[in-house]
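Here's the letter readout for the chains.
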Amino acid sequence: MGARSDSGFTAESSEGPEPPLADSYGRVANKLRIQVTDRCNYSCDFCMPKEPVWLDRREILTFEEITRMARILAGMGVEKIRLSGGEPLVRKDVAKLVSFLAEIQRIRSISLTTNGSMLKEVAGELKSNGLAGVTVSLHSLKPDRYRLITGASNMLPRVLEGIEEARRAGLSLKINCVIRRGNNDDEILDFARLVRDWSVPVRFIEYVPFDGRHLWDAGRVVSGSEMVQKVSTVYKLIPVPRERGGTASTYRFEDGSKGEIGIIASMTRPFCADCGRVRLTADGKIVPYLFINNGYDVRPLLRGEAGDDEIRD
Ligand code: SAM
Ligand code: SF4
């Protein structure tokens, strides 16, 4: 293993054309999460500050800059890209970015996490430009509660239509659901029923203290094991061996139903040791670890004279 650099990354020998993105714990990043914008049309109470201050547009990486950075990282072993935000679909022409990224040879899949409110209009174009799948965040099936959580009025039917359209377009689909005690933990079984009906995976996510409103409190965290227990009162679950670098523990239904239950237990069973993910923020910072505040600013390099080798170093 090479000496640890300031970024925590080291250059090691590899079978690939460039040294892989390995950190000093030997973890190799093969997944890249790109925050395409910091903006959002929702105001989820577990996420957004009450009065968000958006980045100036000039601070946001262009599609060309994002694609260049993704290509450099693909040369170092990144194979999978997920577009996120903010809400990625509020960024104009995001389907164009998908087509740029799809041209990078070593990228095996591109997916996107969305609140689903604008999915219906673009699902077909995203698919034809090379998107493999969408994860739609859906935290309640009750319209009033959905509005209280997200701050978005009358949006639940649109999100459901977006999901329908994504399926029609041939995108693979997952549901993300942040579970909080006293908020929506009474819907865990409803979601289990839904994913059986729809034959899709749901990821139940433990509530984490990244909330812009600082409302987080430990008493509201429902642990992954409690969620599994709740589903198991009605449906027998069988654990599925964990994917390398995967963040979820997954379970299938014993009766052969096609849906799947996944648990992202960031609070009670952190998966740091097995993490293969690196992030690129909307303003051009590489963040190797979710819990650090500042990433490593590559924007001046992307906008300056630096060649790819210098950026890679
Ligand atoms: N706007 C998109 C969405 O909501 O799907 C993508 C960005 S959002 C930050 C990515 C995921 O983080 C969503 O599934 C969201 O529910 C989840 N999330 C946001 N705040 C969270 C929190 N405090 N605890 C756990 N998950 C959270
Ligand atoms: Fe927006 Fe997603 Fe955060 Fe909700 S969770 S406020 S949809 S970025």
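Structure's up top.
The structure contained in this document is the topic of the report that follows. (Residues numbered from 1 in each chain as written. Chains lettered and ligands numbered in written order. Predicted model: local features only at pLDDT ≥ 70, side-chain atom pairs only at ≥ 80, totals over all residues. Heavy atoms only, no water.)

## So, the nonpolar core
The test is simple: The set of buried Ala, Val, Leu, Ile, Met, Phe, Trp, Tyr and Cys residues whose side-chain atoms join them within 4.5 Å is what this entry labels a nonpolar core. Buried means the residue's accessible area, taken with a 1.4 Å probe over protein chains only, is under 20% of the maximum for its type, while exposed means over 50%, and partly exposed covers the values in between. Numbering of helices and strands runs from the N terminus; a helix is a DSSP stretch of H or I covering at least four residues, while a strand is a stretch of E covering at least two. It only takes one pair of heavy atoms within 4.5 Å for two residues to be counted as in contact.
Counting 85 residues, the largest nonpolar core has Leu-83, Phe-204 and Ile-261 as its most contacted members. A per-element tally of this core places helix H1 (residues 63–74) first, with seven residues. Setting aside its immediate chain neighbours within four residues, Leu-83 contacts Ile-34, Val-36, Pro-88, Leu-97, Val-98, Leu-101, Ile-110, Ser-111, Leu-112 and Thr-113.

## What to know about the pairing of strand S12 (residues 277–280)
So the rule is basically this: The pairing criterion for strands is at least two bridges between them, as found by DSSP.
Here four bridges tie strand S3 (residues 31–35) to S12, and the two strands are oriented parallel to one another. Within S12, the residue paired with Leu-32 across the bridge is Val-278. The pairing of S12 with strand S13 (residues 285–287) spans two bridges and is antiparallel. By the bridge assignment, Arg-279 is partnered in S13 with Val-287. Where S12 folds back on S13, the antiparallel hairpin that results is connected by four residues, among which Gly-284 adopts a positive phi of roughly 90°.

## A short note on the packing of helix H3 (residues 119–128) against helix H5 (residues 156–169)
The cut-off we apply is this: The axes are straight lines fitted to the C-alpha atoms, using for helices just the contacting stretch, and the angles between their N-to-C directions are given from 0 to 180°. Throughout, the term roughly parallel applies to angles under 35 degrees, roughly antiparallel to angles over 145, roughly perpendicular to angles from 65 to 115, and oblique to all others. By definition, any crossing whose near helix is turned counterclockwise from its far helix by less than a right angle is left-handed, and any crossing with a clockwise turn is right-handed. Charged means Asp, Glu, Lys or Arg here, nonpolar means Ala, Val, Leu, Ile, Met, Phe, Trp, Tyr, Cys or Pro, and polar covers whatever is left, Gly included.
Here H3 crosses H5 at 20°, and the two axes come no closer than 8 Å. Taken together, the axes of H3 and H5 lie roughly parallel to each other. Handedness of the H3/H5 crossing: right-handed. Where H3 abuts H5, its residues Leu-119, Lys-120, Glu-121, Ala-123, Gly-124 and Lys-127 lie against Arg-158, Glu-161, Gly-162, Ile-163, Glu-165, Ala-166 and Ala-169. A class-by-class count of the residues in the contact of H3 with H5 yields five nonpolar, two polar and six charged.

## Quick look at the packing of aromatic side chains
This is how it is decided: Only the six-membered ring of Trp is used, alongside the rings of Phe and Tyr, when aromatic pairs are assigned; centres must lie within 6.5 Å, and planes under 30 degrees apart are stacked while those over 60 apart are edge-to-face, with the rest tilted. Any Lys NZ or Arg CZ found within 6 Å of a ring centre and within 35 degrees of that ring's normal is scored as a charge over the ring.
Scanning the model with the defined rule gives four aromatic pairs in all. Ring geometry for Tyr-235 versus Phe-253: centroids 5.6 Å apart, planes at 80°, classification edge-to-face. Linking Tyr-235 in the loop between helix H7 (224–232) and strand S9 (237–240) with Phe-253 in strand S10 (residues 249–253), this pair joins segments that are 18 residues apart in sequence. Across this residue pair, the class does not change: Tyr-235 and Phe-253 are buried. When the ring centre of Tyr-207 is taken as reference, the NZ or CZ atom of Arg-180 above it lies at 5.3 Å.

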